Amino acid sequence: MKSQFNRRDSLKSLAALGAAGTLGGFSAFASAQKPLTVGVIYVGPRDDYGYNQAHAQAAAEIKKMPGIKVVEEENVPETAAVQKTMTGMISQDGAKLLFPTSYGYFDPHILALAPKDPDVRFSHCGGLWTESMPKNVGSFFGYIDECQFLNGVIAGHMSKSGKIGFVAAKPIPQVLRNINAFTLGARSVKPGITCSVIFTGEWSMPVKEAEATNSLADQGCDVFTMHVDGPKVVVETAAKRGKMVCGYHASQAKLAPQAYLTGAEWNWLTAYKTIIEAAQTGKPHPNFLRGGLKDGYVKMSAYGPAVTDAAKKQADDVKAKMIAGTFDIFKGPLKDNKGKEVLAAGKTQKQTDIELEKMNYLVEGVNGSF
């Protein structure tokens, strides 16, 4: 779905009017008020029931903040196109803070542009910022694997076949972490349960997502989750096959009210506000921002009507421990699905352990490879 208008063309028209003196008053007013112009860039449509929608919901909220002007552009590919969009927002709109939200925007695009615009702050979702990178660049992310573990707990209770399915886009660390957390959550309920994963290769590829969902259903999987930008196709396809679903990014409950069990949702507003307030007050740019359930970065969807009381109780108990900081997802002994030990007995990786952001394996119980 494309935007109803082309923002760049509109800006060209406005620029032409400004040259004729029409915008002089507006410019003076804007200068006097000194609003912070924030640019938000999406790789897909803002109403995708998924990744982009979760960010768009946060953008809609920050528009209500005093002294903030928001400019947005959707359907921007993870190519040099995003550099053009960022440059346009900086030069034409006067943006001083950018939220380029998609994973592929970070390296090389943000890292290439940031040194050229040292007075502009770049906040990327999911990238791994290091000390060698520009100080006007930062990354933010949430421990959504906490919610995927809870999805797994619910799936473990609700699965009758002992087979659950995961439709994934690309095998980057964040995706692998979610697959592993979902599987570990399910296996904490039923140790013998297996999770079959299919990688589509793209963040948004509806045809492949439908094919993957049908294939997993044919293999006997009866509870699904996913890590793709727009979960709509997976949710609707699984529901049509009579299967159950745990959502991701935002709530997809209204797409399949009876099949929807719960979901792992982002609350990007928490990170957005922290980053914006730093920019407004002149504080250093937050270079590395992370948080989980207890910090309000992530949340669970409401339980659907099919979820049993026993499933709710176990998930709620684990969630309470996560919030209290007394529950760890990744603890030894832990093997990958090839039999190699990845965490020794007695060893635990806390959510803040940077090694988790470099994850390159699938845990025991996952059927699939990359």
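What you see is a predicted model, and the numbers here were worked out from it, not measured in a lab.

1. Considering the overall build of the protein
Consideration 1: Summing up its helical and strand segments, the protein has 11 helices and 17 strands in all.
Consideration 2: The C-alpha atoms of the protein give 22 Å as radius of gyration, which agrees with the globular expectation for 370 residues (21 Å, within 12%).
Consideration 3: When the 370 residues of the protein are sorted by exposure, 54% land in the buried category.
Consideration 4: Contacts in the protein between residues at least 24 apart in sequence constitute 69% of all its contacts with a sequence separation of at least 6.
Consideration 5: In the form shown here, the protein has an accessible surface area of approximately 15800 Å², with 54% of it arising from carbon and sulfur atoms.
Consideration 6: Of the side-chain charges in the protein, 42 are positive and 35 negative, and the distance between the mean point of each set is 1 Å.

2. A short note on the nonpolar core
Consideration 1: Of all hydrophobic cores here, the largest spans 91 residues; its most connected members are Phe99, Phe140, Ile179, Trp268 and Phe330.
Consideration 2: With sequence-adjacent residues up to four places away left out, Ile179 is seen in contact with Phe166, Ala168, Val197, Phe199, Leu362 and Val366.

3. Here's the deal with the state of the cysteines
Consideration 1: Under the defined criterion, the tally for this structure stands at 0 disulfides.
Consideration 2: You can see Cys195 has no disulfide; the closest cysteine sulfur is in Cys221, sitting 7.2 Å from it.
Consideration 3: Owing to a relative accessible area of 0%, Cys195 belongs among the buried residues under this scheme.
Consideration 4: Cys246 takes part in no disulfide bond, and the closest cysteine sulfur, belonging to Cys195, lies 11 Å away.
Consideration 5: Classification of Cys246 by relative accessible area gives buried; the value is 0%.

4. Thoughts on the sheet that holds strand β12 (residues 298–300)
Consideration 1: What the 7 strands build is an open sheet, ordered β12-β10-β9-β8-β6-β7-β17; its pairing is mixed. Whereas interior strands pair on both sides, the edge strands pair on one side only; in this sheet they are β12 and β17 (366–367).
Consideration 2: As defined by bridge partners, strand β6 (residues 163–168) adjoins strand β7 (residues 194–199) across 6 bridges and the pair is classed as parallel. Bridging from a neighbouring strand, Phe166 pairs with Val197 of β7.
Consideration 3: Taken strand by strand, helix α6 (residues 145–158) contacts β6, β8 (223–227), β9 (244–249), β10 (260–266) and β12, and its axis lies near 175° from that of β10.

5. A closer look at the sheet that holds strand β3 (residues 97–100)
Consideration 1: The 6 strands are arranged β2-β1-β3-β4-β5-β11 in an open sheet whose pairing can be described as parallel. Only two strands of the sheet have a single partner each, and these edge strands are β2 (68–73) and β11 (288–291). Strand-to-strand twist of the sheet, defined as the mean angle between neighbouring strand axes without regard to direction, takes the value 20°.
Consideration 2: Direction of pairing for β3 relative to strand β4 (residues 121–125): parallel, over a ladder of 2 bridges. In the strand pairing of β4, Leu97 is matched with Arg121.
Consideration 3: Lying over the sheet, helix α3 (residues 51–62) contacts β1 (36–41), β2, β4 and β5 (137–142), oriented at roughly 155° with respect to β2.

6. As for the packing of aromatic side chains
Each aromatic ring pair is characterised by the separation of its centres together with the angle its planes make.
Consideration 1: Throughout the structure, instances matching the rule amount to 11 aromatic pairs.
Consideration 2: One aromatic cluster in this structure is built from Phe99, Phe140, Phe141, Tyr248, Trp266, Trp268 and Tyr272.
Consideration 3: Its guanidinium or amino end placed over the ring of Phe288, Arg290 lies 4.0 Å from that ring's centre, counting from NZ or CZ.

7. Digging into unusual backbone geometry
Consideration 1: With an omega of 20°, the peptide bond between Asp107 and Pro108 qualifies as cis.
Consideration 2: Topologically, Pro108 is positioned in helix α5 (residues 106–113).
Consideration 3: The omega angle of the peptide bond from Gly332 to Pro333 is 0°, so this bond is cis rather than trans.
Consideration 4: As for its placement among the helices and strands, Pro333 is situated in the loop between β13 (330–331) and β14 (334–335).

How each quantity is defined
- Residues numbered from 1 in each chain as written.
- Predicted model: local features only at pLDDT ≥ 70, side-chain atom pairs only at ≥ 80, totals over all residues.
- Heavy atoms only, no water.
- Helix = DSSP H or I, 4+ residues; strand = E, 2+ residues; numbered from the N terminus.
- Rg over C-alpha atoms; globule rule 2.2 N^0.38 Å.
- Buried < 20%, exposed > 50% of the residue type's maximum accessible area, 1.4 Å probe, protein only.
- Contact = heavy atoms within 4.5 Å.
- Areas by Shrake-Rupley, 256 points an atom, 1.4 Å probe, with all protein chains shown as cover.
- Lys, Arg positive; Asp, Glu negative; His and termini not counted.
- Charge placed at Lys NZ, Arg CZ, Asp CG, Glu CD.
- Core = buried A, V, L, I, M, F, W, Y, C linked by side-chain atoms within 4.5 Å.
- Disulfide = S-S within 2.5 Å.
- Pairing = 2+ DSSP bridges.
- Axes fitted to C-alpha atoms, helices over the stretch in contact; angles between N-to-C directions.
- Phe/Tyr/Trp six-rings, centres within 6.5 Å; stacked < 30°, edge-to-face > 60°.
- Lys NZ or Arg CZ within 6 Å of the ring centre and 35° of its normal.

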